[in-house]
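Letter by letter, the chains look like this.
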Amino acid sequence: MTAHARLSPSGCDRWSTCTASVALIDKLRGDGEIVDRDASEWSAEGTVAHEVREMCLAFGLDPQSFVGATISADGFTYVVDDEMAGHLQPGIDWVREHTSNPHVEIKVDLTPWLPDQFGTCDTGWLSIDIIELDTLYISDLKYGAGVSVDAIGNKQLRLYGLGMWHFLGRPRVERIVLNIDQPRAGGMKYWDITLDELLAFGEEMKAVYAKIVAGDVEFKPSHKACRWCEVRQAPGGCAPRDRWLMEMAADACPTFKLPGYEGQNLVGARRWLVVQNASDIRARLAELHEESLLAALNGKPDPGSKAVEGDLGDRRFKDTKKAEALLTAALGDKAYKPRELIGIGEIERLVKPGRKKAGHPDTWADLQKILDRPPGKPKLVPEDHQRPALVRWEDDFDDLDP
Ligand code: SF4
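From a predicted model like this one, the values you see are computed outputs, not experimental measurements.

Engineer: Looking at this structure, I do not really get unusual backbone geometry. What am I missing?
Structural biologist: Unusually for a residue other than glycine, Asp74 sits at a positive phi of about 50°. Secondary-structure assignment places Asp74 in the loop between β1 (70-73) and β2 (76-79). For Asp74, a relative accessible area of 45% puts it in the partly exposed group. For Arg170, which is not a glycine, the phi torsion comes out positive at approximately 55°. Counting through the fold element by element, Arg170 comes out in the loop between α5 (155-167) and β6 (173-182). Taking relative accessible area as the criterion, Arg170 reaches 39% and is therefore assigned partly exposed.

Written out as structure tokens, the structure is:
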């Protein structure tokens, strides 16, 4: 492995389990089969949010000071608005409850555990307690709204914790508080661990590193490992992952025979694994469908297939203004759908007062009195999820005759 292997904290879920991915990515990059992905508008928005948060924490400002400011990132231009300021404020307030002098956007050296590797830690600080031992805090902003990131069990945070502890001179600390600040997906999330637990994780990472360097590696697909893996994007995708997904698909659909695969009974842990990965299986099948269609359209259909013209699409008016005039003349108000209230998110944006936005304070206060949220439906999650387990015992005696 080169000294520049990408054992980055953000990729830890991948390389620490699917250890064979490291050399494969290096090879595919060398062969030009993997190229850096262009930044998207959404990733640029996240970069801007990080910049605003960094400046607030470094210079004692509030995000509202940046509302209206134009910031460029990754080739995109973004105007900071009330919504972003509102999202960033609670996390900044929480940091300030504990320290007035956090280390912000610090490049932390992971060499003691992963030689030549580094990471950039959003925020970290040591909280000195005269009576008790000190606490090390790590806070990481995730501005994405699509995928909720847990703090509990988070390897990226633990690597930042190790790096920050090393950066601060390896102080004696009682506890380490790891925080994910994800304002648009779950809010503030925390995980408390001891220094011993953090250092034990560091030893695990050392062992992983040793195996990668020695070439003692394996492909180990999983949702977390594969989610952002570049091998998936390379031509042909990732064969070990495809095999893993298709074996689960074969278990779920016994008429689907996979050569060389005997199948497993869908009970217990196997059933949970298939349920947990159902969306990945569906997504991969959809990708394959698109690839197969494209091949056919390009004149190289997969044997046994061909592309044909699809069914006609939904009817629509070529001239909507003319259609509206004709319909209102004939039907009056009945030409229109019933009016509908805007959604709660839009109401919040337009009605809730902000520091630089008058809004409608009385209306907003009255709306709070009638705002309700129905309880959520039971859902399946991994057993280490922070919410307590929900069990609805069935009354076995209900069905018995008196
Ligand atoms: S896609 Fe998954 S299985 Fe394949 S190399 Fe990447 S992490 Fe490993």
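Engineer: Please explain the pairing of strand β5 (residues 134-141) as it appears in this structure.
Structural biologist: The two faces of a sheet get side chains in turn, since along a regular strand they alternate between them. Burial analysis of β5 places eight of its eight residues in the buried class, the great majority of the element. Alternating residues of β5 divide into Asp134, Leu136, Ile138 and Asp140 and Thr135, Tyr137, Ser139 and Leu141, and every residue in both groups is buried. As paired elements, strand β4 (residues 118-127) and β5 share five bridges and run antiparallel to each other. In the strand pairing of β5, Gly124 is matched with Ile138. Where the polypeptide runs from β5 across α5 and back to β6, its parallel neighbour, the crossover connection is right-handed.

Engineer: Looking at this model, I keep getting lost on a nonpolar patch on the surface. Mind explaining?
Structural biologist: Residues Leu293, Leu294 and Leu297 make up a contiguous nonpolar surface patch of about 290 Å² in total accessible area. Its relative accessible area of 35% is what places Leu293 among the partly exposed residues.

Engineer: Would you take a moment to explain the packing of α5 against helix α6 (residues 195-214) for this structure?
Structural biologist: How two helices pack is summed up by the angle between their axes together with the distance between the axes. In the contact formed by α5 and α6, the axes pass within 10 Å of each other and the chain directions differ by 105°. Considering their axes alone, α5 and α6 lie roughly perpendicular with respect to each other. Contacts between α5 and α6 involve Lys155, Arg158, Leu159, Gly161, Leu162 and Trp165 from the former and Leu195, Leu198, Leu199, Phe201, Gly202 and Met205 from the latter. By residue class, the composition of the contact of α5 with α6 is eight nonpolar, two polar and two charged.

Engineer: What's the story with the site of the ligand in this structure? I'm lost.
Structural biologist: All residues adjacent to the ligand are Arg14, Cys18, Ser21, Phe219, Pro221, Ala225, Cys226, Cys229, Val231, Arg232, Cys238 and Arg241. A class-by-class count of the residues in the shell around the ligand yields eight nonpolar, one polar and three charged.

Engineer: What should I look at first to understand the sheet that holds β6 in this one?
Structural biologist: Pairing within the open sheet is mixed, and its five strands lie in the order β3-β4-β5-β6-β7. At either margin of the open sheet sits one strand with a lone partner, and together these are β3 (103-109) and β7 (187-194). Neighbour to neighbour, the strand axes of the sheet diverge by 35° on average, direction disregarded. Together, β6 and β7 form the strand contacts of α6, whose direction differs from that of β7 by roughly 90°.

Engineer: Sorry, what's going on with the nonpolar core here?
Structural biologist: Considering soluble globular proteins, one finds that nonpolar side chains tend to be buried as a cluster. Core analysis: the largest hydrophobic core is formed by 33 residues, its most contacted members being Trp15, Leu114, Leu159, Ile176 and Met205. Among the secondary structure elements, those contributing two or more residues to this core are α1 (12-15), β3, β5, α5, β6, β7 and α6. With seven residues, α6 is the largest single contributor of residues to this core. Apart from the residues within four sequence positions on either side, Leu159 is in contact with Pro9, Cys12, Trp15, Leu110, Leu114, Phe201 and Met205. With 22 residues, the next largest nonpolar core counts Ala44, Val52, Val104 and Trp125 among its residues.

Thresholds, definitions, all that
All residue numbers refer to positions counted from 1 along the written sequence of the respective chain. Owing to the predicted nature of the model, reporting of local features is limited to residues with pLDDT of at least 70; listing and counting of side-chain atom pairs is limited to 80 or more, with chain, interface and lining totals taken over all residues. For side-chain calculations, the full set of non-hydrogen atoms in the structure is used, while hydrogens and water are omitted. Secondary structure elements follow DSSP: runs of H or I of four or more residues count as helices, runs of E of two or more count as strands, with numbering from the N terminus. Exposed residues in this analysis have more than 50% of their type's maximum accessible area, buried residues have under 20%, and partly exposed residues fall in between, with area computed by a 1.4 Å probe over protein chains only. Two strands make a pair as long as DSSP finds a minimum of two bridges between them. Handedness is read with the strands pointing away from the viewer; a crossover is right-handed when the path from the first strand over the helix to the second is clockwise. Only residues above 30% relative accessible area that lack a salt bridge enter a patch, with like-charged residues linked at up to 9 Å and the nonpolar side chains Val, Leu, Ile, Met, Phe, Trp and Tyr linked at up to 5 Å. For the accessible areas, the method is Shrake-Rupley and the probe is 1.4 Å, while residue cover comes only from the protein chains on display. Any Lys or Arg side-chain nitrogen located within 4 Å of an Asp or Glu carboxyl oxygen qualifies as a salt bridge. In this analysis, axes come from line fits to C-alpha atoms, helices being fitted only over the stretch in contact, and the angle between any two N-to-C directions falls in the range 0 to 180 degrees. For classification purposes, an angle smaller than 35 degrees is called roughly parallel, one larger than 145 roughly antiparallel, one from 65 to 115 roughly perpendicular, and anything else oblique. Contacts are assigned to residue pairs that have any heavy atoms within 4.5 Å of one another. Three classes are used, and their members are as follows: Ala, Val, Leu, Ile, Met, Phe, Trp, Tyr, Cys and Pro are nonpolar, Asp, Glu, Lys and Arg are charged, and the others, Gly among them, are polar. We define proximity as follows: a residue is near a molecule or strand when any one of its heavy atoms falls within 4 Å of that partner. Put simply, buried Ala, Val, Leu, Ile, Met, Phe, Trp, Tyr and Cys residues joined by side-chain atoms within 4.5 Å make one nonpolar core.

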